[in-house]
Every structure is written in C-alpha cells, then in structure tokens.
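# Residue-level structural notes
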Amino acid sequence: MEKYDVEKIREDFPSLNRDVHGKPLVYLDNAATSQTPQQVLRAIEQMYLHHKANVHRGVHTLSQEATDLQEATRRRVRDYINAASEREVIFTRGATEAINLVASSFGSRFPAGGEIILTVMEHHANIVPWQLLQSRRDLKIRVVDIDSEGRLDMEQYRSLFNERTVMASFAHVSNVLGTINPVREMIEIAHSHGVPVLIDGCQAGPHLRLDMQQLDCDFYTFSAHKMYGPTGIGVLYGKERWLEEMPPYQGGGEMIGHVSFSGTTFAELPFKFEAGTPDFVGIAAFRDAIDYIESVGLDRMEAHEEELLRYTTERMLAEVPGVRIFGTAPRKSAVISFLIGDSHPYDAGMLLDTQGIAVRTGHHCAQPLMDRLGIPGTVRASFAAYNTRHEADLFLAALKRIAPMLM
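This section reports on the structure supplied with the text. As the structure is a computational prediction, the values presented were derived from the model and not from experiment. (Residues numbered from 1 in each chain as written. Predicted model: local features only at pLDDT ≥ 70, side-chain atom pairs only at ≥ 80, totals over all residues. Heavy atoms only, no water.)

On to helix H4 (residues 95-105). Along H4, nine of the 11 residues are buried, which leaves the element largely enclosed by surrounding structure. Structurally, H4 contributes buried residues whose contacts are with strand S4 (89-92), helix H5 (128-136), strand S7 (165-171), strand S8 (197-200), strand S9 (219-223) and strand S10 (234-238). (Buried < 20%, exposed > 50% of the residue type's maximum accessible area, 1.4 Å probe, protein only. Helix = DSSP H or I, 4+ residues; strand = E, 2+ residues; numbered from the N terminus. Contact = heavy atoms within 4.5 Å.)

Moving on, we come to the side chain of Glu97. Looking at where Glu97 falls in the secondary structure, it is placed in helix H4. Looking at Glu97, the relative accessible area reads 12%, which means it is buried. Only 2.7 Å separates the side chain of Glu97 from the backbone nitrogen of Arg93, close enough to count as a polar contact. Filtering out sequence-adjacent residues up to four positions away, Glu97 remains in contact with Thr92, Tyr249 and Gln250. (Polar contact = N/O pair within 3.5 Å; in protein donor to acceptor, adjacent residues only side chain to side chain.)

Okay, the pattern of salt bridges next. With the rule as written, the count across this model stands at 33 salt bridges. Residue Asp79 pairs with Arg78 through a salt bridge whose shortest N-O separation is 2.9 Å. Salt-bridge contacts for Asp145 lead to Arg372; the nearest nitrogen and oxygen are separated by 2.6 Å. With a gap of 227 residues between them, Asp145 in the loop between strand S6 (139-144) and helix H6 (154-159) and Arg372 in helix H13 (residues 367-373) connect regions that are remote in the sequence. One continuous salt-bridge network, built from bridges that share partners, spans Arg87, Glu240, Glu244 and Glu268. (Salt bridge = Lys/Arg side-chain N within 4 Å of Asp/Glu carboxyl O.)

Next up on the list: the pairing of S7. Along S7, seven of the seven residues are buried, which leaves the element largely enclosed by surrounding structure. Of the pairings in the sheet, the one linking strand S5 (residues 114-119) to S7 comprises three bridges and is parallel in character. For Ile116, the partnering residue across the bridge sits in S7 and is Met167. Taken together, the four bridges between S7 and S8 define a ladder with parallel strand orientation. Within the sheet, the bridge partner assigned to Ala168 lies in S8 and is Val197. Considered for its hand, the β-α-β crossover made up of S7, helix H7 (residues 183-192) and S8 is right-handed. (Pairing = 2+ DSSP bridges. Right-handed = clockwise from strand over helix to strand, strands pointing away.)

Below, the discussion takes up the sheet that holds S7. Reading across the sheet, the seven strands line up as S4-S10-S9-S8-S7-S5-S6 and stay open at both edges, with mixed pairing between neighbours. Looking along the sheet, the strands with just one partner apiece sit at the ends: S4 and S6. On average, adjacent strands in this sheet sit at an angle of 20° to one another, irrespective of strand direction. Two strands pair when backbone bridges link them, and S5 and S6 are joined in this way by six bridges, in the parallel orientation. Each residue of the ladder has a partner; that of Thr119, found in S6, is Val144. Packed onto the sheet, H7 meets S7 and S8 and runs at close to 160° relative to S8. (Axes fitted to C-alpha atoms, helices over the stretch in contact; angles between N-to-C directions.)

Reading across the sheet, the four strands line up as S13-S14-S17-S16 and stay open at both edges, with antiparallel pairing between neighbours. The open sheet has two edge strands, strand S13 (323-326) and strand S16 (360-362), and neither has a second partner. Shown here is a sheet whose adjacent strand axes are inclined to one another by a mean of 30°, direction ignored. One ladder, built from four bridges, connects strand S14 (residues 335-340) with strand S17 (residues 378-382); its direction is antiparallel. Paired with Ile336 across the strands is Ala381, a residue of S17. Along the sheet, helix H11 (residues 298-319) contacts S13 and S14; its crossing angle with S14, the most-contacted strand, is approximately 15°. In the packing of helix H12 (residues 345-354) onto the sheet, contacts are made with S14, S16 and S17, and the angle to S16 comes to roughly 155°.

On to the environment of Gly251. Counting through the fold element by element, Gly251 comes out in the loop between helix H9 (240-245) and strand S11 (256-260). With a relative accessible area of 66%, Gly251 lands in the exposed category. Remark: the alpha-carbon pair of Gly251 and Val120, spanning 131 residues in sequence, is separated by 33 Å.

Tracing the chain through its elements places Lys272 in the loop between strand S12 (263-266) and helix H10 (280-296). Of the buried charged residues, Lys272 lacks a salt bridge, with Glu244 as the closest side chain of opposite charge at 4.9 Å. A distance of 3.3 Å separates the side chain of Lys272 from the backbone oxygen of Glu244, its partner in a polar contact. Not counting the four nearest positions on each side in its chain, Lys272 is found in contact with Leu243, Glu244, Met246, Pro248, Met255, Phe266 and Ala267. (Lys, Arg positive; Asp, Glu negative; His and termini not counted.)

This is the structure in structure tokens:
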C-alpha cells in the first residue's frame, strides 16, 4: 500500500501555510470546519468564470452546464453514501436546515401525545428543531444519558421506546466527546418498534464511510464544509417513501410543478424540497471535495487521524499537569475535549492562540451535555487528514507551557 504522505497532502491546502502571532499555524478546529484543498478552490473558480447561470431554469448553454454540474454532484453523493437513488439526495444550506426540514415536514404527521427520543450529547441543531415542533404540537422529548466514558446508556435507550414513540434522532459521532455511537444497533432497535430514525452525521462524514443501505436509517444529514468542501452546503438523505409522503418545507421557485391562485402542484423528488436558487457553485464544487477524499482514501485518512488521536491523548495524560479529558469511549473519532484544572476554556484557548494553535472553546453548541458534565465548556482539539505528528508536538509543547498559568 502506498505510504500516507501527509506533507504531500498539506501542499493542497494553502491556508495552512501562514503564521499566527508570529508562529506557524497549527489548525486543530476541524470538527467545526475543515480547510479546503486547491482542487475544490479551482472548481469554485471555474464555476464563477465559465458556468455561472441559474440551474434548471434556462435553455441556454450556461444554464444547462450549471445544471449538469449540480446534478453530477447529486449522483456523486448518491454513490458516495450508497443511496438507492438520486431522488433521495436533497441539497440544503447545511445540516441544521436539513434537520429543521425533517422536524417541520416529517414531524407534521406526528400524532398528539407522541414522544421523540434524543440523547444528552446532541448538538443544538438536533435539539431545538424538535423543541420548536414540540411547541406547536402536543409532543414529549425523552433523553438518553451517557456513562462516565461518554458512551450512551443503551439499556435506557431501549427502555424509552413505547407505543407513543414517533421518532428517534441522534448523532452518529459526538462533536464534543468524539464518541462513535452504535448507530446500526440503535436503528435496529428503533425499527423493531416501527420508529423512524434521523442521524446527524456531521462529525461522521469527514471520518467514517457512510452506507445508507447498510445503516438502513430513514434520514441522514451532513455538511460539506466539514468534508473539505465549500461552506453553506448540506445534504439530507431520506428514504424515498418518506420523502414522497412529506409536504414541502419551503415554497417558491424550483419546487413547483404548476402554480395558480386556485392551487399549486409540486415538483418531483428531490426538487420538491429545494426551493429557490441553490448555491449551485458550492454544490458543483462539493463533488471535487468528495473526489479529493476518495483520491487520498477515507480509510487511510481515518487511520492517520486515529494515530494522531492516540499519540496526543497518551502524551497529554502523561505530560500535561491538571489536564482532564472528557470523552474516553473505546470507539471515538479524532476529537479531544479537555480542561486544565478548573480553568475556564476561553483562557486556555486564548493562550494557545498566542502560540499559533487554533482550537475551539466553549460549549460547542451542546449546552445540555455541558450541564450533564457539570462544566461551562471545554477546549476542543480536532484532527484532520492534513494534521501531522509535528503539529501534535507543537500543541503539546504549548499546553505544557500554559498549564502552570492556569492551575
């Protein structure tokens, strides 16, 4: 097998070649958004220079070209996640919009008194849309807890299902703890009770191979900007039978069949859920991001990130005084959430920034999880395919330098 050449990969990411406060940038905020390779940047440039015209609305050449490029990405996503049809691939402005779409549209069919199962580790984007639905309808949200390592309480999860359960929605991978949840088992349990499942795959998309036929979930969502792609692009996968039954989420151009003041008919899937002019430039370039992942090899990326996670975690625990790591499940993604003593995460984050280290600080849009852990937030370092062991060493050296200031 060809050697994993991380230095060659880094050549594709010009954004990494800069200084911050006079120090080389060490970008460890990949769980929030990844950097973008030149191959994707060139695709965006080509779209603006040569193919910028509205999609699905013109008979002229530029419009046809833009349409073809957008729909080529839809087919690419279909193949990448092993969906049954491109009709099951809907483009949104992000995973947040995708979850809101399902909660609003699919949720409109839930009967009064229905119960929705979430977990305590969810991102706000997989909590608030269901709360908004709850405020409009007579629904109840039930929450699965975690253990001391950050693993879901599967016995509790099983016990929450009853004749009133109408939906289960949970993260594939925790954006704070890094825990990789046993989603296949969770889906099987839900389906054994006739309950559909939505999976928030934002943290899984950049690291794990996605196969909708194997998972058998009803809905799955992820964002391009965490997968080396453009910002403002999300994907909602949905089983065709559900999407056919669901009413449109928004009304406007592109999602209609025929409009009159006496009534409107809607377009076929997937366009029924894609109102207005999409970011066809970003959508077209997302295909190049997927191609980039495949060219490097997702499995090889994952192995590289796991090695960085293991190396950094072991050295942090051995060498950084007062460090506390949150999320120690045996199966976890390349995320380390931590505190130094009882210091505030912002203090550590600002001190690390002076050393050129970019990490995320705060509650990471997971305040219920922080409440469960009894902390205001964490410092989060997250790795990607272009991070190196040398960068891990720089991060560790910076941590050892600032730890005495925070204790």
